[in-house]
Amino acid sequence: MILSIESSCDDSSVAVTQIATKKILFYRKISQESEHAKYGGVVPELASRLHAVTLPKILEEAKEYFDSLKAIAVTNEPGLGVTLMEGVAMAKSLASMLELKLIAVNHLKAHIYSLFIEKESFFPFLALLVSGGHTMILRVESYEKIAILTTTMDDSIGESYDKCAKMMELGYPGGPIIEALAIEGDRDRFDFPIPLINSPLIAFSLSGLKNAVRLQIEALGGTSNLTIQDKKDIAASFQKTIIAHLIHKSKKIFEHEHIKDFAIVGGVAANKSISNAFEILCKKHKKILHKVALQYCSDNAAMVGRYALDAYAKKDFCEISDIESIVSKKDKNRKLL
Ligand code: KG4
Ligand code: ZN
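Bear in mind that the values here come from a model prediction, so they are computed numbers and not experimental data.

Peer 1: Please provide a residue-by-residue account of the domain arrangement of the protein chain, values included.
Peer 2: Domain annotation for the protein chain reports domain 1 (2-117 + 298-328) and domain 2 (125-291). Distance between the C-alpha centres of domain 1 and domain 2: 27 Å. Domain 1 puts 23 residues into the contact, and the matching count from domain 2 is 18 residues. Carbon and sulfur atoms supply 73% of the area that domain 1 and domain 2 bury against each other, a total of about 1600 Å² over both sides. By the criterion of area lost to domain 2, the three top residues of domain 1 are Leu-108, Ile-112 and Leu-115, representing 34% of everything that side buries. The interface formed by domain 1 and domain 2 includes 1 salt bridge. We note a salt bridge from Lys-314 to Glu-144, for which the minimum N-O separation is 3.5 Å. Summed over the shared surface of domain 1 and domain 2, the result is 4 residue pairs in polar contact (both at pLDDT 80 or more). The element contributing the most residues to the side of domain 1 that touches domain 2 is helix H4 (residues 107-113), with 5 residues.

Peer 1: An account of the packing of helix H5 (residues 157-167) against helix H8 (residues 228-256) is needed here, citing residue identities and associated values.
Peer 2: As a packed pair, H5 and H8 sit with axes 11 Å apart at the nearest point and diverge in direction by 165°. Here H8 runs roughly antiparallel to H5, going by the angle between their axes. Crossing hand, H5 versus H8: right-handed. Between H5 and H8, the residues in contact are Ile-157, Ser-160, Tyr-161 and Cys-164 and Ile-234, Phe-238, Gln-239, Ile-242 and Leu-246, respectively. Per-class residue counts for the contact of H5 with H8 are 7 nonpolar, 2 polar and no charged.

Peer 1: I'd like a rundown of the site of ligand 1, residues and numbers included.
Peer 2: Looking at ligand 1, there are 19 residues lining it, with His-111, Gly-132, Asp-162, Glu-179 and Gly-267 nearest. Between ligand 1 and Gly-133, the relevant distance is 3.3 Å, taken from an oxygen atom to a main-chain nitrogen or oxygen of the residue. Between an oxygen atom of ligand 1 and a main-chain N or O atom of Asp-299, the distance comes to 3.0 Å. If ligand 1 stood free it would expose 550 Å²; the protein chains cover 88% of that surface. Counting contributing residues, the shell around ligand 1 receives three or more from each of domain 1 (2-117 + 298-328) and domain 2 (125-291).

Peer 1: Tell me about the coordination of the zinc ion (ligand 2), and name the residues and values.
Peer 2: Note on the zinc ion (ligand 2): its protein donors are His-107 (NE2), His-111 (NE2) and Asp-299 (OD). The metal-donor distances range over 2.0 to 2.1 Å. Read N to C, the donor residues that coordinate the zinc ion (ligand 2) are spaced as H-x3-H-x187-D. With His-107 and His-111 both in helix H4 and 4 residues apart, the pair spans about one turn of that helix. The pair His-107 / His-111 is uniform in exposure class, with both members buried.

Peer 1: So, the pairing of strand E10 (residues 288-291): which residues are in play, and what are the values?
Peer 2: Side-chain direction in a regular strand flips from residue to residue, so the side chains alternate between the two faces of the sheet. Across 4 bridges, the pairing between strand E9 (residues 261-265) and E10 is parallel. Opposite Ala-263, over in E10, you have His-290 as the bridge partner. Taken together, E9, helix H9 (residues 272-284) and E10 constitute a β-α-β crossover, and its handedness is right-handed.

Peer 1: Explain H5 residue by residue, including any values.
Peer 2: Most of H5 is tucked away: 9 of the 11 residues are buried. Among the residues making up H5, those that are buried are Ile-157, Gly-158, Glu-159, Ser-160, Tyr-161, Asp-162, Cys-164, Ala-165 and Met-167. On its buried side, H5 packs onto strand E6 (125-130), strand E7 (135-140), helix H6 (174-183), helix H7 (207-219), H8 and H9. Phi turns positive, to about 50°, at Glu-169, one or two residues after H5.

The rules we used
- Residues numbered from 1 in each chain as written.
- Chains lettered and ligands numbered in written order.
- Predicted model: local features only at pLDDT ≥ 70, side-chain atom pairs only at ≥ 80, totals over all residues.
- Heavy atoms only, no water.
- Domains from an automatic or database assignment.
- Contact = heavy atoms within 4.5 Å.
- Buried area = accessible area lost by both parts, 1.4 Å probe.
- Salt bridge = Lys/Arg side-chain N within 4 Å of Asp/Glu carboxyl O.
- Polar contact = N/O pair within 3.5 Å; in protein donor to acceptor, adjacent residues only side chain to side chain.
- Helix = DSSP H or I, 4+ residues; strand = E, 2+ residues; numbered from the N terminus.
- Axes fitted to C-alpha atoms, helices over the stretch in contact; angles between N-to-C directions.
- Parallel < 35°, antiparallel > 145°, perpendicular 65-115°, else oblique.
- Left-handed = near helix turned anticlockwise from the far one by under 90°.
- Nonpolar A, V, L, I, M, F, W, Y, C, P; charged D, E, K, R; others polar.
- Near = heavy atom within 4 Å.
- Areas by Shrake-Rupley, 256 points an atom, 1.4 Å probe, with all protein chains shown as cover.
- Donors = N, O, S within 2.8 Å, 3.2 Å for Na, K, Ca; no water.
- Buried < 20%, exposed > 50% of the residue type's maximum accessible area, 1.4 Å probe, protein only.
- Pairing = 2+ DSSP bridges.
- Right-handed = clockwise from strand over helix to strand, strands pointing away.

Below is the structure:
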């Protein structure tokens, strides 16, 4: 069995996965969302303190598996430095105490492997990775070979959902709140510009849209003057624009990438309107759309464990002294390959 730990942001999670069957034998996730909600986003130092309290508690629950473990896997990059270090410190202690191999897991690769939880892997495929930190389209050819085809020039999709919600004082995380409000809103009431619509660039950009939402809120008299219907209409118009942008640039990629399988992974993959839009696009381009089980879209240790199964098979281990890696935000994209 492999024990895996995830602490790259505000979710403390541990899983135990059986190597021979790929089955998850133990899985816990304690999200800190409610603790950060009052600040409208994740406070790194608070997140780090909460991991330091919750991870040992979850590990205590998993103790009965310790004698059967072959390796410890942990997310070591990219993410918030201070929270990554909590998981990494626990993994190092366990690996040295139990004399086990250590597996370093890149968070983006773990999201990609969330597709294969309790399943066999398949390659090649294209993947849209949409989360709080990333907005990318990747060509995944194998465990070793992953290429970034495009990424965002500024904010990520998840971040822009969170900011849109924050501007309307709706709480955190903004993604599920905006998605729920959008269902009851008029998506044609506000005409937000679709980012890079006239640009030949195959890239994403979300900062202009954020600004357009801010200006619209100001034009309506500021956040305190918004009616619930205004908020629903802003949410619906914002989401419509996000979807148009994602589809527009993905279509361009589909024109020259002929791999048949396409997947959506990352926290934002939980969004039904986005996945429905991709369902239609994939049908048009004769591609097969693969989705991640809803409970494994956002950060979790099960996907870390699933990646670790392939790492274990390939003997892709890490020295205890080498695992520390704090990646600053601007380095995130470069670190994948
Ligand atoms: O992958 P994830 O759990 O953490 C990172 O790696 O960043 O993604 C979290 C992000 C947050 O920004 C959250 O608002 C967004 O995913 N998210 C959603 C939905 N559920 C979560 N965004 C849009 N619609 C959703 N239903
Ligand atoms: Zn994530």
